[in-house]
Amino acid sequence: VMDIRSLYAKTGLFTYDPGFTSTAACDSAITFIDGDKGELLYRGYPIEQLADKSNYLEVCYLLLYGELPTPAQFKEFEQLVTRHTMVHEQMHYFFRGFRRDAHPMAVMTGVVGAMAAFYHDSTDINDPQQREIASIRMIAKIPTLAAMAYKYSIGQPFVYPRNDLDYAANFLHMCFSVPAEEYKVDPKIARAMDLIFTLHADHEQNASTSTVRLSGSSDANPFACIAAGVACLWGPAHGGANEACLNMLRQIGTVDRIPEFIARAKDKNDPFRLMGFGHRVYKNFDPRAKVMQATAKEVLSILGVENNPTLQVAQELERIALEDQYFIDRKLYPNVDFYSGVILDAIGFPTSMFTVLFAVARTVGWISQWKEMIGDPQKKIGRPRQLYNGATARDYQPITQR
Ligand code: ACO
């Protein structure tokens, strides 16, 4: 092993940084995070202001093109996205190939990747126009695919998009309408859904975004790259945390059982972690968690379920953890996933859909990062190095002599 290390030494500067805790893989002008201050900016705009004053589609425009749209630009963008919400009818057969009880995220990794086969006229990454069409197609169609994955999982017929509704309201319609009864979209619930999308729209070089960039660095087509992002997002340490978090809150069940779970989270011999707590970059409150907490309370009161036991457990768990020395020392605060599950559950989504909704929202972030990378004249194929610690060179032994 030492011989090989000295070989590396000859090749010049070499950094070993598992988990990329201090290695920048790119430069980017899209999203800024100050983890110590708990600050998140999209193209320079604080997330709190966007959450309060903007809407998801406007945020999509901002992330994609760098500036907030004028009224005319917004109208054009909205019409463009709306025009692309339908998916190819043949896609229905593709869905039918999955087991009916398949996890919707498993279905999503398949159907998003399959878009390359359905829309191969927008897979040439060297053509800026095709890149643009692929981007719009994904922002418009991934919510439709997500709603189809949901409908398929519960055995209901697919619901076609309605172009008179806004992005979030249309998504709720596709998920909750049934042929016999159109879902009545409450504008306040649609607003909460839109807010969840806005808060999840981008988060610089997280694992799924880095996966998209690494996949895209080989000039793979955009649909394949976004499918890779969806697959990575599914992990419980990343986008799967909102599902895991709600399951945990339900498992805790009542406020009196919280100390037992806090003790487990602190026990190094127990693999249990407090889901929705801690973040690689935020060593302070995740600013999205604060907005999410307020929204959770609002949505539950609109739905008349303020006394929801899961919300009570979440609030009390947060209070106890924030006063506990273990969490203080490690700077562990609630992250975006801590309250999002409570809201989605109240709206009526099963936990298996939580990460799917995250994927819908994050699509624009992945695409913006992918487009930025493809347009970068310095672009290089991503090729991490390794620190080899295996056997040194040795001679092959025929099987009879082993
Ligand atoms: N519960 C209990 N202890 C924790 C938690 C937690 N949720 N998170 C971190 N710790 C502890 C670790 O055990 C470690 O303790 P030690 O120093 O005594 O060994 C210390 O805090 C640092 O933890 P790391 O795992 O080194 O921190 P890292 O930055 O690698 O991990 C992560 C970040 C993966 C998010 C982690 O905090 C975690 O697993 N959280 C729960 C899952 C979760 O909520 N993920 C969502 C992330 S946000 C998102 O993807 C949108």
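Up top is the structure these notes are about.
1. Brief notes about the pattern of salt bridges
Thought 1: Taken as a whole, this structure holds 17 salt bridges when the rule is applied.
Thought 2: Across the salt bridge formed by Arg 288 and Asp 286, the nearest N and O atoms sit 2.7 Å from each other.
Thought 3: We classify Arg 288 as buried; its relative accessible area is 2%.
Thought 4: For Asp 286, a relative accessible area of 0% translates into the label buried.
Thought 5: The salt bridge involving Glu 323 is made with Arg 319; its shortest N-O contact spans 3.5 Å.
Thought 6: Judged by relative accessible area, which is 42%, Arg 319 ranks as partly exposed.
Thought 7: Through salt bridges with shared partners, a single network forms among Arg 162, Asp 164 and Glu 182.

2. Re the packing of helix H12 (residues 241-252) against helix H15 (residues 309-322)
When two helices pack together, their arrangement is given by the angle between the helix axes and by the axis-to-axis distance.
Thought 1: In contact at an axis separation of 9 Å, H12 and H15 are set at 95° when each is read in the N-to-C sense. As summarised for this structure, H12 and H15 are arranged roughly perpendicular, according to the angle between their axes. Here Leu 246, Met 248, Leu 249 and Ile 252 of H12 come into contact with H15, specifically with Thr 310, Val 313, Ala 314 and Leu 317.
Thought 2: Taken together, the residues of the contact of H12 with H15 sort by class into 7 nonpolar, 1 polar and no charged.

3. Examining empty space enclosed by the protein
Thought 1: With the rule as written, the count across this model stands at 2 cavities of 30 Å³ or more.
Thought 2: What the largest cavity holds in volume is close to 50 Å³.
Thought 3: In terms of lining, the largest cavity is formed by Val 87, His 92, Thr 144, Met 148, Phe 158, Val 159, Tyr 160 and Pro 161.
Thought 4: Split by residue class, the lining of the largest cavity holds 6 nonpolar, 2 polar and no charged.
Thought 5: Each pocket or cavity is described by its volume, and for the second largest cavity that value is around 40 Å³.
Thought 6: Together, Gly 278, His 279, Tyr 282, Asn 284, Phe 285, Asp 286, Lys 331, Tyr 333, Pro 334 and Asn 335 line the second largest cavity.
Thought 7: In terms of residue class, the lining of the second largest cavity is made up of 4 nonpolar, 4 polar and 2 charged.

4. Here's the deal with the nonpolar core
Thought 1: The biggest cluster of nonpolar side chains holds 117 residues, and the ones touching the most others in it are Phe 95, Met 108, Leu 145, Leu 249, Leu 274 and Phe 349.
Thought 2: If sequence neighbours within four positions are ignored, Met 108 has contacts with Gly 113, Ile 142, Leu 145, Ala 146, Ala 149, Val 230 and Val 356.

5. What about helix H11 (residues 222-233)?
Thought 1: Helix length check: H11, at 12 residues, gives a terminal C-alpha distance of 16 Å against a target of 16 Å (1.5 Å per residue), a fit within 8%.
Thought 2: Of the positions making up H11, those classed as buried are Pro 222, Phe 223, Cys 225, Ile 226, Ala 227, Gly 229, Val 230 and Leu 233.
Thought 3: Residues of H11 that are buried in the fold lie against helix H6 (104-118), helix H7 (128-154), helix H10 (207-216) and helix H18 (354-374).
Thought 4: One side-chain oxygen at the N-terminal end of H11 lies 3.0 Å from the backbone nitrogen of Phe 223; it belongs to Asn 221.

Quick notes on the rules
- Residues numbered from 1 in each chain as written.
- Predicted model: local features only at pLDDT ≥ 70, side-chain atom pairs only at ≥ 80, totals over all residues.
- Heavy atoms only, no water.
- Salt bridge = Lys/Arg side-chain N within 4 Å of Asp/Glu carboxyl O.
- Buried < 20%, exposed > 50% of the residue type's maximum accessible area, 1.4 Å probe, protein only.
- Axes fitted to C-alpha atoms, helices over the stretch in contact; angles between N-to-C directions.
- Helix = DSSP H or I, 4+ residues; strand = E, 2+ residues; numbered from the N terminus.
- Parallel < 35°, antiparallel > 145°, perpendicular 65-115°, else oblique.
- Contact = heavy atoms within 4.5 Å.
- Nonpolar A, V, L, I, M, F, W, Y, C, P; charged D, E, K, R; others polar.
- 1 Å grid on protein atoms, 1.4 Å probe; cavity = no way out; pocket = protein on both sides within 12 Å on 5 of 7 lines; lining within 4 Å.
- Points joined across faces, edges and corners; volume = space filled by probe spheres on them.
- Core = buried A, V, L, I, M, F, W, Y, C linked by side-chain atoms within 4.5 Å.
- Expected span 1.5 Å × (residues − 1).
- Polar contact = N/O pair within 3.5 Å; in protein donor to acceptor, adjacent residues only side chain to side chain.

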